Amino acid sequence: MAFENFTQLHNHSHYSLLDGLATIEKMVACAVNQKYKSLALTDHGSCAGLFNFYSECKSNNIKPILGMEAYTTNDHSVKSKESKNHHLILLAKNSVGYKNLMFLSSFGYLKGFYYKPRIDFNILKEHKEGLIVSTACCYGEIPFLLWEGQDEKAKNIASEYKDVFGDDFYIEIMMHRYKNDNEQQAKERKLANKLYKLSKTMGIKAICTTDAHYALKQDAKAHEVLLAIQTGTHIKDPDRMTFGSDDFYLKSMQKMAKLYKKTPD
């Protein structure tokens, strides 16, 4: 799980088929160029892209790590606007894990769907075998609680995951640069420090990842246009959904090492 041979790719599951294939091909080519040994695909709430991803990785001698960025909620049967969703990274480490990943993805759509395909902790516990779990981005439940200053609650939930998944549970740390939002950037770095301290306090291994939504830095503009199309807004609308950054690309091992030089573990 060290960053020198593991990079996580977030690829929105609501891309068109052609866009999705083009993105996978470009990401894998980029990983090959940067001499990565493996690559993970973690679509939002879906495993639909895994077959093409697996095939593309195999044909390029990259180890495919099959995953999903699940939407989690307290109770999947509760479907109201008061229900809060969070993110959670799930990765299959063997064939049993892959089957459980498929089940959880289908369950989210068939049983837990409310705006998003959702699962909860109880259903995850029932289908935990063969899965690796990490806390995801700042929208993960544990990072979000730390972000909100609810440190003790975050610690309690981390303890629950550790009890269920043991050494297959990781604290995930990611940091990005933002063009015109120094406050967001500072918050992410503060959150990264809190997550790292939590991992040390609780004896949970930490991993650093890059939240890659596109292959190259210069693809950021095209990604912004795609987001505008998907959300039905105009690229010039100041209130549209935007990442506000060109930092969500597949970074090299050297850049990752430099970014996390204070935490070589």
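Each remark here, short or long, concerns the structure printed above.
I will try to describe carefully the structure that is included in this document. Worth saying up front: this structure is predicted, and the values here are computed from it rather than measured.

Per the counting criterion, the structure on display carries eight aromatic pairs. Here Phe243 and Phe248 contribute two aromatic rings whose centre-to-centre distance is 4.8 Å and whose plane-to-plane angle is 75 degrees, an arrangement assigned as edge-to-face. Take Phe243 and Phe248: they sit in the same class, and that class is buried.

Right, let's talk about the layout of surface pockets for a bit. Roughly 1000 Å³ of volume is contained in the largest pocket. It is helix α7 (residues 182-202) that provides the largest number of residues to the lining of the largest pocket, a total of four residues. Here the residues of the lining of the largest pocket sort into 19 nonpolar, 15 polar and eight charged.

This part is about helix α8 (residues 220-230). Among the residues of α8, those classed as buried are Ala220, His223, Glu224, Leu226, Leu227 and Ala228. Taken from the residues just after α8, Gly232 is the one with a positive phi, measuring 70 degrees.

Take the pattern of salt bridges next. Per the stated rule, a full pass over the model turns up eight salt bridges. Between Lys251 and Asp247 there is a salt bridge, with the nearest N and O atoms lying 3.6 Å from each other. On the basis of relative accessible area, Asp247 is assigned to the buried category, the value being 2%. One salt-bridge network, in which partners are shared between bridges, spans Arg177, Asp247 and Lys251.

A few words now on a nonpolar patch on the surface. The grouping of Tyr109, Leu110 and Phe113 at the surface amounts to a nonpolar patch, some 330 Å² of accessible area in total. Classification of Phe113 by relative accessible area gives partly exposed; the value is 35%.

Moving on, we come to the pairing of strand β4 (residues 86-92). The element β4 is extensively covered by neighbouring structure, given that seven of its seven residues are classed as buried. Of the two faces of β4, the one holding His86, Leu88, Leu90 and Ala92 and the one holding His87, Ile89 and Leu91 are both buried throughout. As defined by bridge partners, strand β3 (residues 63-72) adjoins β4 across six bridges and the pair is classed as antiparallel. Following the sheet pairing, Gly67 is matched in β4 by Leu91.

So, about the packing of helix α6 (residues 151-165) against α7. Taken N-terminus to C-terminus, the directions of α6 and α7 make an angle of 50 degrees; their axes are 11 Å apart at the nearest point. The angle between α6 and α7 places the two elements in the oblique class. Helix-helix and strand crossings are classified by hand; for α6 and α7 the assignment is right-handed. Here Asp151, Lys155, Ala158, Ser159 and Lys162 of α6 come into contact with α7, specifically with Lys194, Leu198, Thr201 and Met202. Residues of the contact of α6 with α7, tallied by class, amount to three nonpolar, two polar and four charged.

Cut-offs used in this document
- Residues numbered from 1 in each chain as written.
- Predicted model: local features only at pLDDT ≥ 70, side-chain atom pairs only at ≥ 80, totals over all residues.
- Heavy atoms only, no water.
- Phe/Tyr/Trp six-rings, centres within 6.5 Å; stacked < 30°, edge-to-face > 60°.
- Buried < 20%, exposed > 50% of the residue type's maximum accessible area, 1.4 Å probe, protein only.
- 1 Å grid on protein atoms, 1.4 Å probe; cavity = no way out; pocket = protein on both sides within 12 Å on 5 of 7 lines; lining within 4 Å.
- Points joined across faces, edges and corners; volume = space filled by probe spheres on them.
- Helix = DSSP H or I, 4+ residues; strand = E, 2+ residues; numbered from the N terminus.
- Nonpolar A, V, L, I, M, F, W, Y, C, P; charged D, E, K, R; others polar.
- Salt bridge = Lys/Arg side-chain N within 4 Å of Asp/Glu carboxyl O.
- Patch = residues over 30% accessible without salt bridge, like charges linked within 9 Å, V, L, I, M, F, W, Y side chains within 5 Å.
- Areas by Shrake-Rupley, 256 points an atom, 1.4 Å probe, with all protein chains shown as cover.
- Pairing = 2+ DSSP bridges.
- Axes fitted to C-alpha atoms, helices over the stretch in contact; angles between N-to-C directions.
- Parallel < 35°, antiparallel > 145°, perpendicular 65-115°, else oblique.
- Left-handed = near helix turned anticlockwise from the far one by under 90°.
- Contact = heavy atoms within 4.5 Å.

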